[in-house]
Amino acid sequence: MEVSKDIATPTRTKEILEKYGFSFKKSLGQNFLIDTNILQHIVKASGMGAEDAVIEIGPGIGALTEQLAKAAGRVEAFEIDRRLLPILADTLKPYPHVTVHHQDILQADLRPLLEELRMSGKTAVVGNLPYYVTTPILMGLLEQKLPVDRIVIMIQKEVAERIAAFPGSKAYGSLSIAAQYYAEVTQELVVPRTVFMPKPNVDSAILRLDVRSEPPVEVRDETFFFTLVRGAFTQRRKTLWNNVQNSVMDKTYKEELQNLFSEIDIDPIRRAETLSIEEFALLSNRMYPMWKNMQEKAE
């Protein structure tokens, strides 16, 4: 029986690692997928075709890169680990439309590249993200408002659930609101830890984020909106009233805050996890002049 030539099989992955004497670095969160079906699911979720381009974060030995290259017209892969560069040069030799950049994605200026890529088709950012940098990478991509149509990432299952969570659930928090402000979030698939080499301690999940052209709510000031959201979740077991007073507003505004909550019909004894993004936007827009006044007095 002929062994598949795809990189993402246990046999081929072991052969490549042994050939180059590669050892995994725990500090870089390196866990390579050894299941082609899951990689193809990621490619399908990206929606990329022959006219489209993909930026891949952390190609590893090229398992996902290979599948992306079969679908997309161009793949720009960013790899931080110098030891993987000769491996990628070897495994990706059949795909001249793949370029590997030796650079930390958190340090890369992606805008010029994405603007160029978008001239010929749709763009996506795809990656199997290390657990320890999931939030900085994802929020960095979204907050910069880059010209990206879709982001497809495989991340720790627990974090994926937080990003996709709805109001009223235990997983819902400031990360849910921030991600959903910038994108429509869909959890695609739970990925068991058994399909990675080496096997991590937790399961993963594939998330698809369709980047919005406009946020779902209109806010007067984005900085204050997110300040309020983060402040409201400072201590999850405390009421909205306590968190806003302790983390967002000075206590000298107590009476004004009481009047504001009464006017907009949001019960201040609710917990932040029960508020929808629309309710946070309403509260933010009405509270913003008060907060701005407080900032000006402090200067």
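Above this text you will find the structure in question.
Residues numbered from 1 in each chain as written. Predicted model: local features only at pLDDT ≥ 70, side-chain atom pairs only at ≥ 80, totals over all residues. Heavy atoms only, no water.

1. Focus on the packing of helix α8 (residues 174–182) against helix α9 (residues 222–232)
Pairs of packed helices are described in terms of their axes, by the angle between the two and the distance that separates them.
Moving on, step 1. Contact geometry of α8 with α9 gives a least axis separation of 9 Å together with a crossing angle of 150°. Regarding the angle of α8 to α9, the classification is roughly antiparallel. The crossing of α8 and α9 is right-handed. Together, Ser174, Ile177, Ala178, Tyr181 and Tyr182 of α8 and Glu222, Phe225, Phe226, Val229 and Arg230 of α9 make up the contact between the two elements.
Moving on, step 2. Looking at the contact of α8 with α9 residue by residue, the class counts come to seven nonpolar, one polar and two charged. (Axes fitted to C-alpha atoms, helices over the stretch in contact; angles between N-to-C directions. Helix = DSSP H or I, 4+ residues; strand = E, 2+ residues; numbered from the N terminus. Parallel < 35°, antiparallel > 145°, perpendicular 65-115°, else oblique. Left-handed = near helix turned anticlockwise from the far one by under 90°. Contact = heavy atoms within 4.5 Å. Nonpolar A, V, L, I, M, F, W, Y, C, P; charged D, E, K, R; others polar.)

2. With respect to the sheet that holds strand β9 (residues 204–211)
Sheets are built from strands that pair by backbone hydrogen bonding, the pairs being arranged parallel or antiparallel.
Moving on, step 1. The sheet built from seven strands is open, its strands ordered β4-β3-β2-β5-β6-β9-β7 with mixed pairing. Either end of the sheet is taken by a strand with one partner, and the two such strands are β4 (98–102) and β7 (183–191). In this sheet, neighbouring strand axes are inclined to one another by 20° on average, regardless of whether the strands run parallel or antiparallel.
Moving on, step 2. Across five bridges, the pairing between strand β5 (residues 123–128) and strand β6 (residues 150–156) is parallel. Within β6, the position partnered with Asn128 by the bridge is Met154.
Moving on, step 3. Strand contacts of helix α6 (residues 134–143): β2 (53–57), β5, β6, β7 and β9, with the helix running at about 170° to β6, the strand carrying the most contacts.
Moving on, step 4. On top of the sheet, helix α7 (residues 157–164) reaches β6, β7 and β9; it is set at about 135° to β6, its chief contact. (Pairing = 2+ DSSP bridges.)

3. A short note on the pairing of β6
Moving on, step 1. With six of its seven residues buried, β6 lies for the most part within the structure.
Moving on, step 2. Crossover handedness for the path β5 to α6 to β6: right-handed.
Moving on, step 3. Where β6 lies against β9, seven bridges are found, and the strand directions are antiparallel. Considered in β9, the bridge of Ile155 is made with Ala205. (Buried < 20%, exposed > 50% of the residue type's maximum accessible area, 1.4 Å probe, protein only. Right-handed = clockwise from strand over helix to strand, strands pointing away.)

4. Concerning the packing of α9 against helix α12 (residues 277–298)
Moving on, step 1. Between α9 and α12, the shortest axis-to-axis distance is 9 Å and the interhelical angle comes to 110°. In this view, α9 runs roughly perpendicular relative to α12, as classed from their interaxial angle. For the element pair α9 and α12, the recorded crossing hand is right-handed. Residues Phe224, Phe225, Leu228, Val229 and Ala232 of α9 lie in contact with α12, whose contacting residues are Ile277, Phe280, Ala281, Leu283, Ser284, Met287, Tyr288 and Trp291.
Moving on, step 2. When its residues are assigned to classes, the contact of α9 with α12 shows twelve nonpolar, one polar and no charged.

5. A look at the pattern of salt bridges
Moving on, step 1. Tallied over the entire structure, the rule returns 16 salt bridges.
Moving on, step 2. Here the residues in one salt-bridge network are Arg150, Glu188, Arg208 and Asp210, joined through shared partners. (Salt bridge = Lys/Arg side-chain N within 4 Å of Asp/Glu carboxyl O.)

6. Looking at the packing of aromatic side chains
Any aromatic ring pair is given by two values, namely how distant the centres are and how the planes are angled relative to each other.
Moving on, step 1. Per the counting criterion, the structure on display carries 14 aromatic pairs.
Moving on, step 2. With centroids separated by 5.1 Å and ring planes inclined at 90°, the aromatic side chains of Tyr181 and Tyr182 adopt a geometry described as edge-to-face. (Phe/Tyr/Trp six-rings, centres within 6.5 Å; stacked < 30°, edge-to-face > 60°.)

7. Some thoughts on unusual backbone geometry
Moving on, step 1. Cis peptide bonds are those with omega within 30 degrees of zero, and the linkage from Met197 to Pro198 qualifies with -10°.
Moving on, step 2. For Pro198, the position within the fold is in the loop between β8 (196–197) and β9.
Moving on, step 3. One non-glycine residue, Lys145, lies in positive phi territory at about 55°.
Moving on, step 4. With a relative accessible area of 48%, Lys145 lands in the partly exposed category.
Moving on, step 5. A positive phi angle, near 60°, is found at Asp265, a position not held by glycine.
Moving on, step 6. Tracing the backbone shows Asp265 in the loop between α11 (254–264) and α12.

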